[in-house]
Amino acid sequence: MLDYAALQALATVVREGSFERAAHRLHITPSAVSQRIKLLEERVGQTLVVRGVPCTGTEAGRRLCLHVEQVALLENELRRANPTLVPDPQALPPTLKLAVNGDSLATWFMGALAAFTASGDELLDIRIDDQDHTAQFIKEGDVLAAVTATAGAIAGCDTVPLGTMTYVAAASPAFVARHLPAGADAPSLARAPQMTFDRRDRLQDNWLRQEGLLSSRALAPRHFLPSVAGYVRGCEIGMGWGMHPLALVQGQLDQGLLVEIKPGARLDVPLYWVYARSAKASLARLTRCVLAAAPQGLHSPPGATSA
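Per-chain numbering applies: the sequence of each chain, read as written, is numbered from 1 onward. Per-residue local features are limited, in this predicted model, to residues with pLDDT of at least 70; the limit for side-chain atom pairs, both in listing and counting, is 80 or more; totals at the level of whole chains, interfaces and linings are taken over all residues. The side-chain quantities take in all heavy atoms of the structure and omit both hydrogens and water.

## A few points about the UniProt feature "domain: HTH lysR-type" (unreviewed entry) in the chain
Stated formally: UniProt positions are given in the numbering used here, feature names are shortened, and annotations may be inferred rather than shown by experiment. A run of H or I in DSSP counts as a helix once it spans at least four residues, and a run of E counts as a strand once it spans at least two, with each numbered from the N terminus.
What UniProt calls "domain: HTH lysR-type" (unreviewed entry) maps, in this numbering, to residues 2-58. This span, residues 2-58, is 63% helix and 7% strand, and a straight line between its end C-alpha atoms measures 18 Å.

## Considerations on the packing of aromatic side chains
Put simply, the test is: Stacked, tilted and edge-to-face pairs are distinguished by plane angle, under 30 degrees for stacked and over 60 for edge-to-face with tilted covering the rest, among Phe, Tyr and Trp rings (Trp via its six-membered ring) whose centres lie within 6.5 Å. Each residue's exposure class comes from its accessible area (1.4 Å probe, protein chains only) as a fraction of the maximum for that residue type: buried when under 20%, exposed when over 50%, partly exposed otherwise. Over a ring means this: the NZ of a Lys or the CZ of an Arg is within 6 Å of the ring centre and within 35 degrees of the ring normal.
Counted by the stated rule, this structure contains three aromatic pairs. Plain terms: the ring middles of Phe-109 and Trp-273 are 6.3 Å apart, the flat faces sit at 40 degrees to each other, and that makes the pair tilted. A residue pair is termed long-range when its members are at least 10 positions apart, and Phe-109 in helix α6 (residues 109-118) and Trp-273 in strand β11 (residues 266-276) qualify at 164 residues. This pair shows no difference in class: Phe-109 is buried, exactly as Trp-273 is. Between Trp-207 and Trp-241, the aromatic rings sit 5.6 Å apart at their centres with planes inclined by 55 degrees, giving tilted as the arrangement. Placement of Trp-207 in helix α10 (residues 203-210) and of Trp-241 in the loop between α11 (228-236) and β9 (242-245) is noted, with a sequence separation of 34 residues between them. Of the two residues, Trp-207 and Trp-241, both sit in the buried class. Put simply, the rings of Trp-108, Phe-109 and Trp-273 pair up and form one aromatic cluster. Sitting over the ring of Phe-224, Arg-199 keeps its end group 3.9 Å from the ring centre.

## Looking at the nonpolar core
Heads up, the condition is: Residues belong to one nonpolar core when they are buried, are Ala, Val, Leu, Ile, Met, Phe, Trp, Tyr or Cys, and are joined through side-chain atoms within 4.5 Å.
In this structure, Trp-108, Phe-109, Trp-207, Trp-241 and Trp-273 are the most contacted members of the largest nonpolar core, which totals 49 residues. If you look at the next biggest cluster of nonpolar residues, it comprises 19 residues, including Ala-9, Val-14, Leu-40 and Cys-55.

## Quick look at the environment of Met-195
Spelled out, the test is: Contact criterion: two residues are considered in contact whenever any of their non-hydrogen atoms come within 4.5 Å of each other.
Here Met-195 shows up in strand β7 (residues 194-196). With a relative accessible area of 0%, Met-195 lands in the buried category. Note: C-alpha distance between Met-195 and Leu-78 (117 residues apart in sequence) is 48 Å. Residues contacting Met-195, with those up to four places away along its chain left out, are Gln-204, His-223, Leu-225, Tyr-231, Gly-234, Cys-235, Met-239, Gly-240, Trp-241 and Gly-242.

In structure tokens:
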């Protein structure tokens, strides 16, 4: 049987990033936190915390943290349903770690969060990354669930189709007139400044490849702007062209603030809800909220897979 007081200390250190903040959160001394984790490491026979600034969990440590989170979620559901079975009025609400791509968060996923938080007291710790990389968080044991473009089966996880996010390549009318006066062709796009969310963002290249417009020349000049709102605004003011979720910029297209640089040439990206199979019961309510909200910004769900 695992020592859950020690597991709670471990999870709190990893979440807070230091022994001191964990001690403050748990209302015990830093030395008591250190002793609990030391005993736990001795019991499992391996290091669970990398001491540093901040402190981080090893792979084994992160797996144990997720186990603690699952237990806390289940106990919290049980406490709400039948308080006399788990009588702990001082218990802190559990924290649920998720990974979501920024475009989903800016469009449909907030509806899922609104429904989930309105019907419970769980806290959320959301990691944001490109949809092609959010699956890595769950593979490495950093989160319990993720919105991802990874269709392949992930060991120990269930994969549920959410739908397809449609992207448009768009820029301001002034940008198009200046950089693409003869239309979107490969030579012009190789010279035209491009808006890129971060250095792992491949949407623009994927669209260019799909349309046969990817130049063999050196990479086009790029602005890096890791903010969904800032990215859209950057295109509105003519900094560059970029790929936008249609659901996010339909208003700007209707108003003429943005125009498609190649009308009708759109990129569809299937998205999936992936969660640890061991946490299926504790994530059931969140999964229902996610599946109910997805049609607000996505369409035509692809097939499902599991491992």
